[in-house]
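Now for the letters of each chain:
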Amino acid sequence: MTRITSWHGHPSKPLYTPPAGAIDAHCHVFGPMADFPFSAKAKYLPEDAGPDMLFALRDHLGFARNVIVQASCHGTDNAATLDAIARSEGKARGVAVVDPAISEADLAALHGGGIRGIRFNFLKRLVDDAPKDKFLDVARRLPAGWHVVIYFEADILEELRPFMDAIPVPLVIDHMGRPDVTQGPDSADMKAFRAFLQSRDDIWFKATCPDRLDPTGDPWNAFADAVAPLVADYQDRVLWGTDWPHPNMQDAIPDDGHLVDMIPRIAPTADLQRKLLIDNPMRLYWPEELSA
Ligand code: 0GY
(Lines give C-alpha, C1' and ligand atoms only; values in the text may rest on other atoms or scores of the structure.)
Protein backbone atom coordinates (compact mmCIF):
# COMPACT_ATOMS: atom_id res chain seq x y z
CA MET A 1 0.00 0.00 0.00
CA THR A 2 1.24 3.51 -0.83
CA ARG A 3 1.32 5.90 2.08
CA ILE A 4 -1.15 8.75 1.63
CA THR A 5 -1.47 12.34 2.83
CA SER A 6 -5.01 13.47 3.59
CA TRP A 7 -4.41 16.81 5.34
CA HIS A 8 -3.76 20.35 4.17
CA GLY A 9 -0.13 21.47 4.35
CA HIS A 10 -0.91 25.14 5.03
CA PRO A 11 -4.40 25.53 6.46
CA SER A 12 -5.67 29.11 6.53
CA LYS A 13 -6.15 31.08 9.74
CA PRO A 14 -9.89 30.93 10.48
CA LEU A 15 -11.89 34.17 10.34
CA TYR A 16 -13.85 32.87 13.36
CA THR A 17 -12.09 32.95 16.74
CA PRO A 18 -13.18 30.13 19.08
CA PRO A 19 -13.82 31.06 22.73
CA ALA A 20 -10.94 30.55 25.18
CA GLY A 21 -10.87 26.89 26.24
CA ALA A 22 -12.43 25.53 23.03
CA ILE A 23 -12.09 21.78 22.43
CA ASP A 24 -11.56 20.02 19.11
CA ALA A 25 -13.50 16.90 20.09
CA HIS A 26 -12.84 14.73 17.04
CA CYS A 27 -9.34 14.32 15.68
CA HIS A 28 -6.82 11.53 15.24
CA VAL A 29 -3.09 10.85 15.14
CA PHE A 30 -1.29 8.62 12.64
CA GLY A 31 1.90 7.12 14.02
CA PRO A 32 4.63 8.14 13.73
CA MET A 33 4.94 4.76 12.04
CA ALA A 34 8.52 4.11 13.23
CA ASP A 35 7.30 4.22 16.83
CA PHE A 36 3.71 3.06 16.38
CA PRO A 37 3.31 0.76 13.36
CA PHE A 38 -0.07 0.65 11.67
CA SER A 39 -2.32 -2.39 12.04
CA ALA A 40 -1.82 -5.30 9.64
CA LYS A 41 -5.57 -4.98 8.96
CA ALA A 42 -5.45 -1.23 8.17
CA LYS A 43 -7.51 -0.26 5.12
CA TYR A 44 -5.38 2.80 4.39
CA LEU A 45 -1.73 3.58 5.06
CA PRO A 46 -1.24 7.23 5.96
CA GLU A 47 1.88 9.34 6.18
CA ASP A 48 2.84 10.24 9.75
CA ALA A 49 0.58 12.81 11.39
CA GLY A 50 1.75 12.73 14.98
CA PRO A 51 1.12 14.75 18.13
CA ASP A 52 3.48 17.64 17.30
CA MET A 53 1.53 18.33 14.12
CA LEU A 54 -1.80 18.00 15.91
CA PHE A 55 -0.83 20.41 18.69
CA ALA A 56 0.58 22.95 16.20
CA LEU A 57 -2.74 22.83 14.33
CA ARG A 58 -4.68 23.18 17.60
CA ASP A 59 -2.79 26.38 18.39
CA HIS A 60 -3.04 27.71 14.82
CA LEU A 61 -6.82 27.27 14.78
CA GLY A 62 -7.31 28.80 18.23
CA PHE A 63 -8.25 25.71 20.22
CA ALA A 64 -7.13 24.74 23.72
CA ARG A 65 -7.68 20.98 23.88
CA ASN A 66 -8.18 17.88 21.76
CA VAL A 67 -10.16 14.68 22.01
CA ILE A 68 -8.14 12.12 20.08
CA VAL A 69 -10.16 9.27 18.62
CA GLN A 70 -8.31 6.07 17.80
CA ALA A 71 -8.30 5.74 14.00
CA SER A 72 -8.97 2.39 12.31
CA CYS A 73 -5.47 2.27 10.80
CA HIS A 74 -4.11 1.62 14.32
CA GLY A 75 -6.53 -1.23 14.99
CA THR A 76 -6.94 -2.04 18.69
CA ASP A 77 -3.42 -0.98 19.68
CA ASN A 78 -4.01 2.41 21.30
CA ALA A 79 -0.33 3.20 21.88
CA ALA A 80 -0.17 6.11 19.41
CA THR A 81 -3.30 7.71 20.86
CA LEU A 82 -2.03 7.22 24.44
CA ASP A 83 1.37 8.66 23.49
CA ALA A 84 -0.26 11.76 22.03
CA ILE A 85 -2.40 12.22 25.15
CA ALA A 86 0.67 11.78 27.37
CA ARG A 87 2.54 14.46 25.40
CA SER A 88 -0.34 16.95 25.55
CA GLU A 89 0.36 18.25 29.08
CA GLY A 90 -3.23 17.56 30.10
CA LYS A 91 -4.69 19.16 27.01
CA ALA A 92 -5.90 15.96 25.39
CA ARG A 93 -8.06 13.00 26.25
CA GLY A 94 -9.14 10.19 24.03
CA VAL A 95 -11.42 7.48 22.75
CA ALA A 96 -9.96 3.99 22.27
CA VAL A 97 -10.76 1.05 20.05
CA VAL A 98 -10.43 -2.18 22.03
CA ASP A 99 -10.58 -5.91 21.58
CA PRO A 100 -13.98 -6.64 23.16
CA ALA A 101 -12.31 -9.31 25.34
CA ILE A 102 -10.18 -6.62 27.04
CA SER A 103 -9.72 -7.14 30.78
CA GLU A 104 -10.99 -4.79 33.50
CA ALA A 105 -7.36 -4.08 34.43
CA ASP A 106 -6.53 -3.00 30.87
CA LEU A 107 -9.61 -0.79 30.75
CA ALA A 108 -8.47 0.82 34.00
CA ALA A 109 -5.03 1.38 32.49
CA LEU A 110 -6.63 3.12 29.52
CA HIS A 111 -8.54 5.33 31.96
CA GLY A 112 -5.23 6.24 33.59
CA GLY A 113 -3.90 7.17 30.15
CA GLY A 114 -6.74 9.64 29.55
CA ILE A 115 -9.23 7.46 27.67
CA ARG A 116 -12.89 8.18 28.43
CA GLY A 117 -14.74 6.08 25.86
CA ILE A 118 -14.50 3.36 23.23
CA ARG A 119 -15.43 3.50 19.57
CA PHE A 120 -17.45 0.98 17.58
CA ASN A 121 -16.90 1.40 13.84
CA PHE A 122 -19.49 -0.07 11.45
CA LEU A 123 -18.04 1.21 8.18
CA LYS A 124 -17.28 -1.87 6.10
CA ARG A 125 -14.61 -0.05 4.10
CA LEU A 126 -12.71 0.60 7.37
CA VAL A 127 -13.06 -2.57 9.45
CA ASP A 128 -13.39 -6.28 8.68
CA ASP A 129 -16.01 -7.07 11.29
CA ALA A 130 -18.13 -5.38 13.93
CA PRO A 131 -19.45 -8.06 16.29
CA LYS A 132 -22.48 -6.51 18.02
CA ASP A 133 -22.76 -9.19 20.72
CA LYS A 134 -19.13 -8.75 21.76
CA PHE A 135 -19.40 -4.95 21.56
CA LEU A 136 -22.40 -5.08 23.88
CA ASP A 137 -20.48 -7.22 26.33
CA VAL A 138 -17.63 -4.74 26.63
CA ALA A 139 -20.02 -1.75 26.67
CA ARG A 140 -21.47 -3.26 29.86
CA ARG A 141 -18.03 -3.46 31.52
CA LEU A 142 -16.71 0.09 30.98
CA PRO A 143 -15.17 2.20 33.75
CA ALA A 144 -17.55 4.66 35.41
CA GLY A 145 -18.21 7.79 33.41
CA TRP A 146 -17.20 6.37 30.03
CA HIS A 147 -19.31 6.50 26.87
CA VAL A 148 -19.45 4.68 23.54
CA VAL A 149 -18.72 6.43 20.25
CA ILE A 150 -20.43 4.82 17.26
CA TYR A 151 -19.58 5.39 13.62
CA PHE A 152 -22.14 4.26 11.03
CA GLU A 153 -23.76 5.44 7.83
CA ALA A 154 -27.41 6.55 7.64
CA ASP A 155 -28.61 3.47 5.78
CA ILE A 156 -27.94 1.16 8.75
CA LEU A 157 -29.35 3.36 11.54
CA GLU A 158 -32.55 1.32 11.89
CA GLU A 159 -30.68 -1.98 11.73
CA LEU A 160 -28.42 -0.83 14.58
CA ARG A 161 -31.25 0.41 16.79
CA PRO A 162 -31.75 -2.72 18.97
CA PHE A 163 -28.00 -2.93 19.54
CA MET A 164 -27.61 0.75 20.37
CA ASP A 165 -30.76 0.77 22.52
CA ALA A 166 -29.17 -1.95 24.69
CA ILE A 167 -25.96 -0.01 25.41
CA PRO A 168 -26.22 1.18 29.02
CA VAL A 169 -23.90 4.20 28.78
CA PRO A 170 -24.15 7.47 26.83
CA LEU A 171 -23.75 7.20 23.05
CA VAL A 172 -21.85 9.68 20.89
CA ILE A 173 -22.60 9.41 17.17
CA ASP A 174 -19.80 10.33 14.77
CA HIS A 175 -20.75 12.79 12.05
CA MET A 176 -24.48 12.48 12.90
CA GLY A 177 -24.50 9.01 11.35
CA ARG A 178 -23.58 10.48 7.95
CA PRO A 179 -26.93 11.88 6.71
CA ASP A 180 -27.40 13.06 3.13
CA VAL A 181 -27.13 16.80 3.88
CA THR A 182 -28.04 17.80 0.33
CA GLN A 183 -31.68 16.96 1.11
CA GLY A 184 -32.02 19.75 3.71
CA PRO A 185 -32.84 19.78 7.42
CA ASP A 186 -36.10 17.82 7.05
CA SER A 187 -34.83 14.94 4.91
CA ALA A 188 -35.65 11.31 5.63
CA ASP A 189 -32.12 10.85 7.03
CA MET A 190 -32.43 13.84 9.34
CA LYS A 191 -35.91 12.82 10.51
CA ALA A 192 -34.66 9.32 11.32
CA PHE A 193 -31.69 10.71 13.20
CA ARG A 194 -33.90 13.11 15.15
CA ALA A 195 -36.23 10.24 16.10
CA PHE A 196 -33.20 8.35 17.37
CA LEU A 197 -32.01 11.36 19.43
CA GLN A 198 -35.52 11.73 20.78
CA SER A 199 -35.55 8.11 22.02
CA ARG A 200 -33.00 8.75 24.79
CA ASP A 201 -31.64 11.88 26.39
CA ASP A 202 -28.10 10.51 26.58
CA ILE A 203 -27.39 10.27 22.86
CA TRP A 204 -24.86 12.89 21.75
CA PHE A 205 -23.60 13.62 18.26
CA LYS A 206 -20.76 15.32 16.44
CA ALA A 207 -21.76 18.10 14.03
CA THR A 208 -18.63 17.33 12.06
CA CYS A 209 -17.26 16.68 8.61
CA PRO A 210 -18.86 19.02 6.09
CA ASP A 211 -16.01 17.89 3.85
CA ARG A 212 -17.19 14.26 4.02
CA LEU A 213 -20.92 14.88 3.96
CA ASP A 214 -21.42 17.79 1.56
CA PRO A 215 -20.59 17.04 -2.07
CA THR A 216 -21.26 20.70 -3.01
CA GLY A 217 -17.81 21.40 -1.56
CA ASP A 218 -16.26 24.27 0.38
CA PRO A 219 -17.96 26.46 1.72
CA TRP A 220 -20.34 23.50 2.26
CA ASN A 221 -23.62 25.45 2.17
CA ALA A 222 -25.77 22.30 2.17
CA PHE A 223 -24.12 21.13 5.39
CA ALA A 224 -24.73 24.49 7.09
CA ASP A 225 -28.42 24.52 6.06
CA ALA A 226 -29.08 20.92 7.12
CA VAL A 227 -27.12 20.90 10.37
CA ALA A 228 -27.78 24.32 11.99
CA PRO A 229 -31.37 23.40 13.05
CA LEU A 230 -30.14 20.14 14.60
CA VAL A 231 -27.52 21.99 16.64
CA ALA A 232 -30.13 24.51 17.80
CA ASP A 233 -32.60 21.79 18.83
CA TYR A 234 -30.06 19.55 20.62
CA GLN A 235 -27.62 22.16 21.84
CA ASP A 236 -26.74 20.36 25.07
CA ARG A 237 -25.58 17.15 23.37
CA VAL A 238 -23.59 18.24 20.37
CA LEU A 239 -19.81 18.27 19.89
CA TRP A 240 -17.57 19.70 17.20
CA GLY A 241 -14.21 18.62 15.81
CA THR A 242 -11.91 19.05 12.86
CA ASP A 243 -11.52 15.32 12.02
CA TRP A 244 -7.86 16.13 11.28
CA PRO A 245 -5.86 14.46 9.65
CA HIS A 246 -9.00 13.63 7.65
CA PRO A 247 -8.56 9.90 7.02
CA ASN A 248 -9.20 8.92 3.40
CA MET A 249 -9.90 12.49 2.26
CA GLN A 250 -6.82 12.68 0.02
CA ASP A 251 -8.96 13.45 -3.06
CA ALA A 252 -10.76 16.40 -1.43
CA ILE A 253 -8.48 17.66 1.34
CA PRO A 254 -10.28 20.31 3.40
CA ASP A 255 -8.70 23.56 4.63
CA ASP A 256 -8.96 23.31 8.44
CA GLY A 257 -9.35 27.08 8.74
CA HIS A 258 -12.46 26.86 6.56
CA LEU A 259 -13.79 23.99 8.69
CA VAL A 260 -13.50 26.22 11.78
CA ASP A 261 -15.41 28.92 9.91
CA MET A 262 -18.36 26.52 9.71
CA ILE A 263 -18.81 26.86 13.51
CA PRO A 264 -20.66 30.23 13.57
CA ARG A 265 -22.84 29.06 10.67
CA ILE A 266 -24.16 26.04 12.62
CA ALA A 267 -23.95 27.71 16.07
CA PRO A 268 -24.65 31.40 15.43
CA THR A 269 -24.69 32.76 19.00
CA ALA A 270 -21.93 33.00 21.59
CA ASP A 271 -24.08 30.91 23.93
CA LEU A 272 -24.41 28.08 21.40
CA GLN A 273 -20.71 28.26 20.57
CA ARG A 274 -19.76 27.96 24.25
CA LYS A 275 -21.94 24.85 24.63
CA LEU A 276 -20.65 23.27 21.42
CA LEU A 277 -16.97 23.94 22.01
CA ILE A 278 -16.59 23.98 25.81
CA ASP A 279 -19.51 23.01 28.06
CA ASN A 280 -20.57 19.85 26.21
CA PRO A 281 -17.15 18.28 25.57
CA MET A 282 -16.05 19.17 29.11
CA ARG A 283 -18.97 17.15 30.49
CA LEU A 284 -17.86 14.05 28.59
CA TYR A 285 -14.08 14.36 28.78
CA TRP A 286 -13.08 16.56 31.76
CA PRO A 287 -16.10 16.26 34.11
CA GLU A 288 -13.94 16.51 37.23
CA GLU A 289 -13.10 20.12 36.33
CA LEU A 290 -16.80 20.99 36.30
CA SER A 291 -17.57 19.44 39.68
CA ALA A 292 -14.35 20.73 41.32
C1 0GY B 1 -13.26 9.59 10.58
C2 0GY B 1 -13.61 8.94 9.36
C3 0GY B 1 -13.02 7.93 8.70
C4 0GY B 1 -12.00 7.09 9.17
C5 0GY B 1 -11.86 6.71 10.42
O6 0GY B 1 -10.99 5.39 12.06
C7 0GY B 1 -10.88 5.72 10.90
O8 0GY B 1 -10.05 5.28 10.13
O9 0GY B 1 -12.63 7.19 11.35
C10 0GY B 1 -13.54 7.67 7.36
O11 0GY B 1 -12.75 7.24 6.49
O12 0GY B 1 -14.74 7.90 7.10
O13 0GY B 1 -14.07 10.25 11.16
O14 0GY B 1 -12.16 9.47 11.06
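See above for the structure.
Everything in this summary refers to the structure shown in the same document.

Reading guide: rules and limits
Per chain, residues are indexed from 1 in the order of the written sequence. In view of the model being predicted, local features appear only for residues whose pLDDT reaches at least 70, and side-chain atom pairs are presented and counted only at 80 or more, with totals across whole chains, interfaces and linings using the full set of residues. As a rule here, side-chain values come from all non-hydrogen atoms in the structure, and water together with hydrogens is ignored. Going along the chain from the N terminus, every DSSP run of H or I of four or more residues is numbered as a helix, and every run of E of two or more is numbered as a strand. Computation of the radius of gyration draws on C-alpha atoms, with the globule rule given as 2.2 Å multiplied by the number of residues to the power 0.38. The rule is simple: take the accessible area with a 1.4 Å probe, protein chains only, and divide by the maximum for that residue type; under 20% is buried, over 50% is exposed, in between is partly exposed. Here, residues are in contact when the closest pair of their heavy atoms is within 4.5 Å. The method behind every accessible area is Shrake-Rupley, applied with a 1.4 Å probe, and residues are considered shielded solely by the protein chains displayed. Only four residue types enter the charge count: Lys and Arg as positive, Asp and Glu as negative, with His and the chain ends excluded. Think of each charge as sitting on NZ of Lys, CZ of Arg, CG of Asp or CD of Glu. Pairing of N or O atoms within 3.5 Å defines a polar contact, subject to two protein rules: one partner must be a possible hydrogen donor and the other a possible acceptor, and residues neighboring in sequence count only if both atoms are side-chain atoms. Put simply, a residue is near a molecule or strand once any heavy atom of it comes within 4 Å of that molecule or strand. Here the nonpolar group is Ala, Val, Leu, Ile, Met, Phe, Trp, Tyr, Cys and Pro; Asp, Glu, Lys and Arg are the charged ones; every other residue, Gly included, is treated as polar. Should DSSP find at least two bridges between two strands, the strands are taken to pair. If you view a crossover with the strands going away from you and the path from the first strand over the helix to the second runs clockwise, you call it right-handed. The aromatic pairing rule takes the rings of Phe, Tyr and Trp, using the six-membered ring of Trp, and pairs them if the centres are within 6.5 Å, calling planes under 30 degrees apart stacked, those over 60 edge-to-face and the rest tilted. One less than the number of residues in a helix, times 1.5 Å, gives the span that helix is expected to have. Note that bend, as reported per residue, equals the angle between axes fitted to the 7 residues terminating at that residue and the 7 residues originating from it.

## Here we look at the overall build of the protein chain
Across its full length, the protein chain holds 12 helices and eight strands. Against the 2.2 N^0.38 benchmark of 19 Å for 292 residues, the protein chain shows a C-alpha radius of gyration of 18 Å, consistent with a compact globule. A buried classification covers 57% of the 292 residues belonging to the protein chain. Of the contacts formed within the protein chain by residues at least 6 apart in sequence, a portion of 76% connects residues at least 24 apart. When the accessible surface of the protein chain is split by element, carbon and sulfur atoms take 53% of a total near 11,800 Å². The averaged location of the 42 negative side-chain charges in the protein chain is 3 Å from the averaged location of its 29 positive side-chain charges.

## A closer look at the side chain of Gln70
Tracing the chain through its elements places Gln70 in the loop between strand S2 (65-69) and helix H2 (79-87). Here Gln70 falls in the buried class, since its relative accessible area comes to 1%. For Gln70, the side chain forms a polar contact with the main-chain oxygen of Gly75, separated by 3.0 Å. Polar contacts involving the side chain of Gln70 include one to the main-chain carbonyl oxygen of Asp77, which spans 2.9 Å.

## Some words on the site of the ligand
Taken together, 15 residues lie near the ligand, and His28, Tyr44, Ser72, Tyr151 and His175 sit nearest. Within the side chain of His175, an N or O atom sits 2.6 Å from an oxygen atom of the ligand. Within the complex, the protein chains bury 100% of what would otherwise be the 340 Å² of accessible surface of the ligand. Taken together, the residues of the shell around the ligand break down into five nonpolar, five polar and five charged.

## Considerations on unusual backbone geometry
The omega angle of the peptide bond from Asp218 to Pro219 is 15°, so this bond is cis rather than trans. Cis rather than trans, the peptide bond between Trp244 and Pro245 has omega equal to -5°. If you trace the backbone, Pro245 turns up in the loop between strand S8 (238-239) and helix H9 (256-260). The phi torsion at Cys209 lies on the positive side, around 70°, for a residue other than glycine. Position of Cys209 relative to the elements: it lies in the loop between strand S7 (203-206) and helix H7 (210-213). Non-glycine residue Trp220 carries a positive phi angle of around 55°. The topology assignment puts Trp220 in the loop between H7 and helix H8 (221-233). Residue class for Trp220 comes out buried when judged on its relative accessible area of 5%.

## With respect to the pairing of strand S3 (residues 92-96)
Here S3 lies mainly inside the structure; five of its five residues are buried. Here S3 shows two buried faces, one formed by Ala92, Gly94 and Ala96 and the other by Arg93 and Val95. Inspection of the sheet shows S2 paired to S3 by four bridges, in the parallel sense. When the bridges of S3 are listed, Ile68 appears paired with Gly94. In this fold, S2 hands off to H2, which returns the chain to S3; that crossover is right-handed. The sheet contact formed by S3 and strand S4 (residues 115-121) spans three bridges and is parallel. For Val95, the partnering residue across the bridge sits in S4 and is Gly117.

## Some remarks on the packing of aromatic side chains
Inspection of every chain in the model, using the stated rule, returns 11 aromatic pairs. Taking 6.5 Å as the distance between ring centres and 45° as the angle between the ring planes, the aromatic pair formed by Phe135 and Phe163 counts as tilted. Linking Phe135 in helix H4 (residues 132-139) with Phe163 in helix H5 (residues 157-165), this pair joins segments that are 28 residues apart in sequence. Taken as a pair, Phe135 and Phe163 share a single burial class, namely buried.

## Structural notes on helix H11 (residues 270-285)
Given a rise of 1.5 Å per residue, 16 residues ought to cover 22 Å, and the 21 Å separating the end C-alpha atoms of H11 matches this to within 8%. Where H11 bends most, the angle comes to about 40°, and this point is Leu276. Along H11, the residues classified as buried are Leu272, Gln273, Lys275, Leu276, Leu277, Ile278, Asn280, Pro281, Met282, Leu284 and Tyr285.

## Brief notes about H2
Looking only at H2, the buried set comprises Ala80, Thr81, Asp83, Ala84 and Ile85. Residues of H2 that are buried make contact with helix H1 (51-61), S2, S3 and S4. Note on H2: the residue one or two positions beyond its end, Glu89, has a positive phi of about 55°.

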